[in-house]
Amino acid sequence: MLRKTLQSLLLTFTVLCSIGATAKDAVPLADDPVTEQRLIVISEEMRCLVCQNESLAGSRSDLANDLRREIRILINEGKTDEQIRNFMVERYGDFVLYRPPVKPITWLLWIGPFVILLAGIIGLMVYLRRRNQAVPSATLSDADNRRIDALLQDAKSRSIENTHD
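Residues numbered from 1 in each chain as written. Predicted model: local features only at pLDDT ≥ 70, side-chain atom pairs only at ≥ 80, totals over all residues. Heavy atoms only, no water.

Q: Any details on the overall build of the protein? Residues and values, ideally.
A: The number of helices and strands found in the protein is 6 helices and 0 strands. The N-to-C order of helical and strand elements in the protein reads α-α-α-α-α-α. When contacts within the protein are restricted to residue pairs at least 6 apart in sequence, those whose partners lie at least 24 apart make up 44%. Surface summary for the protein: the accessible area is close to 13500 Å², and the carbon and sulfur share equals 62%. (Helix = DSSP H or I, 4+ residues; strand = E, 2+ residues; numbered from the N terminus. Contact = heavy atoms within 4.5 Å. Areas by Shrake-Rupley, 256 points an atom, 1.4 Å probe, with all protein chains shown as cover.)

So, in structure tokens, the structure goes:
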């Protein structure tokens, strides 16, 4: 029994070591570290079109890998950062940029959240005014006021008695 267990452990160890031996080293993304740094700076400003809430530099989707490869090619061709951004915008639209430019077609993106916030505040104010007008205001008579004063005085005297005990 012990011999079988040792053989199983040895076999498992051998298999795991062989898997580690066949593992490949990570391939550098670019031969030139300057190119890679430029790629990271440019792709941080762009949105992954698949993930949408992640930058192109941080995304691991296949499309993001393809777009980074394309940017790398453009960098190697000698294009400036601005030319690369313009190429990406022409191909994929302003949505590819995390900070789209302010122009008539993107006004809704820039002003929309403030309009929605303002509409919510106005709606809340209208609701609260209507609710306050729907509640009738009650005025108390002198007898009611005297009764409330007596109840308060009674509660006060009881609390004083309880603190002395």
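Q: Break down the packing of aromatic side chains for me, citing the residues and quoting the values.
A: Counting across every chain of the model gives 0 aromatic pairs. Arg 47 extends its terminal NZ or CZ atom over the ring of Phe 95, reaching a point 4.7 Å from the ring centre. (Phe/Tyr/Trp six-rings, centres within 6.5 Å; stacked < 30°, edge-to-face > 60°. Lys NZ or Arg CZ within 6 Å of the ring centre and 35° of its normal.)

Q: Go over helix 2 (residues 33-44), please, and point to the residues and values.
A: Along its 12 residues, helix 2 runs 16 Å from first to last C-alpha, staying within 8% of the 16 Å computed at 1.5 Å per residue. Along helix 2, the residues that are buried comprise Thr 35, Glu 36, Leu 39, Ile 42 and Ser 43. Each buried residue of helix 2 sits inside an arc of 130° when the element is viewed along its axis, so together they form one side. Summarising the geometry of helix 2, the exposed residues directed more than 90 degrees from the buried face are Pro 33 and Val 34. The inward-facing, buried residues of helix 2 abut helix 3 (62-76) and helix 4 (81-92). (Expected span 1.5 Å × (residues − 1). Buried < 20%, exposed > 50% of the residue type's maximum accessible area, 1.4 Å probe, protein only. Arc of directions from axis to C-beta.)

Q: Hey, could you go over the packing of helix 2 against helix 3 for me, with residue numbers and the actual values?
A: Put simply, helix 2 and helix 3 touch, their axes get as near as 10 Å, and they point 125° apart. Our classification of the angle between helix 2 and helix 3 gives oblique. Once helix 2 is placed against helix 3, the crossing between them reads as right-handed. Across the interface between the two elements, Thr 35, Glu 36, Arg 38, Leu 39 and Ile 42 of helix 2 pack against Arg 68, Ile 71, Arg 72, Ile 75 and Asn 76 of helix 3. Split into classes, the residues belonging to the contact of helix 2 with helix 3 amount to 4 nonpolar, 2 polar and 4 charged. (Axes fitted to C-alpha atoms, helices over the stretch in contact; angles between N-to-C directions. Parallel < 35°, antiparallel > 145°, perpendicular 65-115°, else oblique. Left-handed = near helix turned anticlockwise from the far one by under 90°. Nonpolar A, V, L, I, M, F, W, Y, C, P; charged D, E, K, R; others polar.)

Q: Can you break down the confidence of the model for the protein residue by residue, with the values?
A: Summary statistics for the protein give a mean pLDDT of 82 and a share of 81% for residues scoring 70 or more. Contacts from residues 21-28, a stretch scored under 50 in pLDDT, to residues over four places away or in other chains number 0 contacts. (pLDDT = per-residue confidence, 0-100.)

Q: Help me get a handle on the packing of helix 3 against helix 4, residues and values and all.
A: It is the contact of helix 3 with helix 4, at a shortest axis distance of 10 Å, that shows an interaxial angle of 140°. Judged on the interaxial angle alone, helix 4 and helix 3 are oblique. Read as a crossing pair, helix 3 and helix 4 show a hand that is right-handed. Here Leu 67, Glu 70, Ile 71, Leu 74 and Ile 75 of helix 3 lie close against helix 4, whose contacting residues are Ile 84, Phe 87, Met 88, Arg 91 and Tyr 92. By residue class, the composition of the contact of helix 3 with helix 4 is 8 nonpolar, no polar and 2 charged.

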